[in-house]
Amino acid sequence: MHPRIKTPAALLLSRRSFSSILFFFVAASLAVSALLALGLTEYSSHKISYLTAFRLTLSSVWNPGDLMFQEDESAGYYVFAGFSTLAGAVVPVLLLGSFVFKLFNRDPLQWRSKISLINRPGEGAVMVLRFYNGTQMSLVNMSIDVIARYETTAVPKSLINKPLDCLSGTKRVNRGFWAYSTPGVPFTVRVPLSETLSAAQTYEGGVIDLQGQMLEKSLVDIIALARGTVVETGRDFASMYRYSTEDCFSIGHPAEIEVDESTNPRHWNGWRQFEESFDVYLFAYGSLVSGSSMARTVGHEYHPFDGPIAARLYGWRRTWNVASDTSQLATRVYRMPDGSTYDGWVRSLGIKRDPSAFCNGAVFRVSAKDLSLLRIREHSYTEQDVSTEVTWTGKPADAKVVTYVPHDRLVPEPRNPGDVRPTVIRRGYIALIEDAFRVLGGESLDEYRDTTDEPDGIFVQDMDIEVVD
C-alpha cells in the first residue's frame, strides 16, 4: 500500500482560477454564516430572528469577534459565536494562502486534457500531447519527459515508472526540448507507441502497446513532466500533468491554434480549438466549397490551415444529377420573383462514379462535432470514404477523407414520363459555387467549369428559398 500524500487545502484551491477562488470564498462565507445562524437563533436569549442571526454571523466572518461582545446571552450562544469568530479568521486566511500559492507557485504551462492518437506512415499509433505557455513571460530551456506509470499484476503489487521515447522529427530521443517559448505559443510532444497497433485499435481496444510492452489500459497512467526557467524572474519551474489511458485519448490530429502576437494570449480566438481533434477531412465539390456555407453549417469559421484547401477527387464525375421538390424537402419553399410558389424540380450538383473522370473541389479538416452537423445537413446524401481518391498539396499520409454522394432517390433519371413539371437551377446557387471556386484561387474556377457536366435542357431561374417549420 502506497502512502497517501495530503495536499494543503490552500494549495488545492490555488490550482483554480482567481475568479474561482473568489467565488469559493464568497460561497464559504455564506454557507458558514447560514449554518451558524441556526445556532444563534436557537440559543439567543433575545430570541432574534433567523435573518438577524444570519446578518450577524455574516458580519462576524468579515469582522471576527463582533458577536462575542453581545451581553446577557446563553452559553450556547457564545459557543456558536466562538465558531463564527473562528470562521472569520480561518476563511480569509485560506483565501490569502490560495492567492499566495497561486502568485508565487503558479504553473506556467496549460496542458491539454486529451491526448490525440495518430498513425505514422508505415508504423503504428503515436500519442500527441499538447501544452502552451499560459503566462505573460518567456520560458527557456524546457525539457519534457513522458513516463508510463503502471501497476504490476504480480503479488505483492508495485508501481513501475517506464520512461518513453519522444520524437524529434523522425528520430527517437529521450525527451522533448525547447530552448525558448514566448507567451501563449502552443507546443506538441509526439510519443511513438506501437509498430503493430493502429491509433484506432489503441483507442477502441482495452490494451496499449508501450513501445514494445503490451499492458491493459486500466493499469496505465501517462505522466508528462516539464521543467524550465522563467526568464523575467529567473525562477525554475516544474509542471506535471497526469492522464488516465482509459479516458484520455481522442482520435485525430490536434487542432491548430491561431497565434496572434499583437494581443494578450488569453484573448486569442484559437483557444476554443485547443481541446479538439480533427479526425476527418471533408471533400466539398459544390456549395460546401464556400467557407461561409461551411461556417453556417458547423457554427464557426475555419482557420485557413484547416480549409478550404484546393483538392482533386479522381474516379468521380461532377454533374447536375440531383433533383428535389417540396415533397422531399418539406421544410423548404421555393419562391419565384413575383412571390408565387414554385412546385417543380430544382436541380443541384452531385457526383457519380466514372473511372476516367475527376473533379476539383476543396477539403476541410473537420472535428467529430463538425461532422455530426454536416451529416444533418446532408441527410439526403450518403457519406462516402474517398481517402485514396483525393489529393492535395500537404495531404497527411494517414488522412481519412469523406464526401457526400446523392441517394438514388434524388437522381432524377429516368423520370416518370407523366411528370411534365419544369426543372430549373437556381441562379443564386450557381453564383455561390462559382464565387467559392473564385475565392479558392489559381485555376480553380476554370477547372470547376471544365470538370462539370453542362445541364442540358434545364433553365436557370431567379428564385428564393423560404424555410418553414
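These numbers come from a predicted model, not from an experiment.

Enquirer: What should I look at first to understand the pattern of salt bridges in this one?
Expert: Where side chains of opposite charge bring their charged atoms close, a pairing between them can arise. Using the criterion set out here, one finds 12 salt bridges in the structure. Among the ionic pairs, Asp165 bridges to Arg172, the shortest N-O distance being 3.8 Å. Linking Arg375 and Glu383 is a salt bridge whose minimum nitrogen-to-oxygen distance equals 2.8 Å. You can call Arg375 partly exposed: its relative accessible area is 43%. Classification of Glu383 as partly exposed rests on a relative accessible area of 30%. One network of salt bridges, in which partners are shared, links Asp145, Arg175 and Arg227.

Enquirer: Would you explain the packing of aromatic side chains in this entry?
Expert: Any two aromatic rings considered together are summarised by their centre-to-centre distance and by the angle between their planes. Tallying each qualifying case throughout the model produces 11 aromatic pairs. Note on Tyr314 and Phe358: the rings are 5.5 Å apart at their centroids and 35 degrees apart in plane angle, and the pair reads as tilted. On the criterion of sequence distance, the pair formed by Tyr314 in strand 17 (residues 309-324) and Phe358 in strand 20 (residues 345-367) is long-range, its members being 44 residues apart. Using a relative accessible area of 36% as the deciding quantity, one classes Tyr314 as partly exposed. Relative to Tyr429, the ring of Trp320 lies with its centre 6.0 Å away and its plane at 70 degrees, an arrangement referred to as edge-to-face. Taken together, the residues Trp320 in strand 17 and Tyr429 in helix 8 (residues 427-440) connect sequence positions 109 residues apart. Residue Trp320 is classed as buried on the basis of its relative accessible area of 7%. Following the ring pairs from residue to residue traces out a cluster consisting of Trp111, Phe131, Trp178, Phe187, Tyr241 and Tyr243.

Enquirer: Would you mind going over the packing of helix 6 (residues 291-298) against helix 7 (residues 368-377) with me for this structure?
Expert: In a pair of packed helices, the angle between the axes and the distance between the axes together describe the arrangement. Relative to each other, helix 6 and helix 7 sit at 100 degrees, their axes nearing to 9 Å. On the basis of the axis angle, helix 6 is roughly perpendicular to helix 7. Every residue of helix 7 that contacts helix 6 at Ser293, Met294, Thr297 and Val298 is listed here: Asp370, Leu373, Leu374 and Arg377. When grouped by side-chain class, the residues that make up the contact of helix 6 with helix 7 number four nonpolar, two polar and two charged.

Enquirer: I would appreciate a short explanation of unusual backbone geometry in the present structure.
Expert: Excluding glycine, most residues fall at negative phi; most peptide bonds, likewise, are trans. The backbone phi angle of Asn141 is positive, close to 55 degrees, even though this residue is not glycine. Along the polypeptide, Asn141 turns up in strand 4 (residues 139-151). Notably, Gln211 is not glycine yet its phi reads approximately 55 degrees, a positive angle. Assignment of secondary structure puts Gln211 in the loop between strand 10 (207-209) and strand 11 (214-216).

Rules and cut-offs
Position labels on residues start from 1 in each chain and follow its written sequence. For this predicted model, a pLDDT threshold of at least 70 governs which residues receive local features, and a threshold of 80 or more governs which side-chain atom pairs are given and counted, while totals over whole chains, interfaces and linings are taken from all residues. The side-chain quantities take in all heavy atoms of the structure and omit both hydrogens and water. The salt bridge criterion pairs a side-chain nitrogen of Lys or Arg with a carboxyl oxygen of Asp or Glu, the two atoms within 4 Å. Summary of the burial criterion: residues with accessible area below 20% of their type's maximum are buried, those above 50% are exposed, and those between are partly exposed, where the area comes from a 1.4 Å probe applied to protein chains only. Only Phe, Tyr and Trp rings take part, Trp by its six-membered ring, and two of them pair if their centres are within 6.5 Å. Stacked means planes under 30 degrees apart, edge-to-face means over 60, and tilted covers everything else. Strands here are runs of E lasting at least two residues and helices are runs of H or I lasting at least four, both read from the DSSP assignment and numbered beginning at the N terminus. Throughout, an axis means a line fitted to C-alpha atoms (over the contacting stretch in the case of helices), and angles, computed between N-to-C directions, take values from 0 to 180 degrees. Orientation categories follow fixed angle ranges, with anything under 35 degrees roughly parallel, anything over 145 roughly antiparallel, 65 to 115 roughly perpendicular, and all other angles oblique. Whether two residues are in contact is decided by their heavy atoms: any pair within 4.5 Å suffices. Each residue gets one label: Ala, Val, Leu, Ile, Met, Phe, Trp, Tyr, Cys and Pro are nonpolar, Asp, Glu, Lys and Arg are charged, and the others, such as Gly, are polar.

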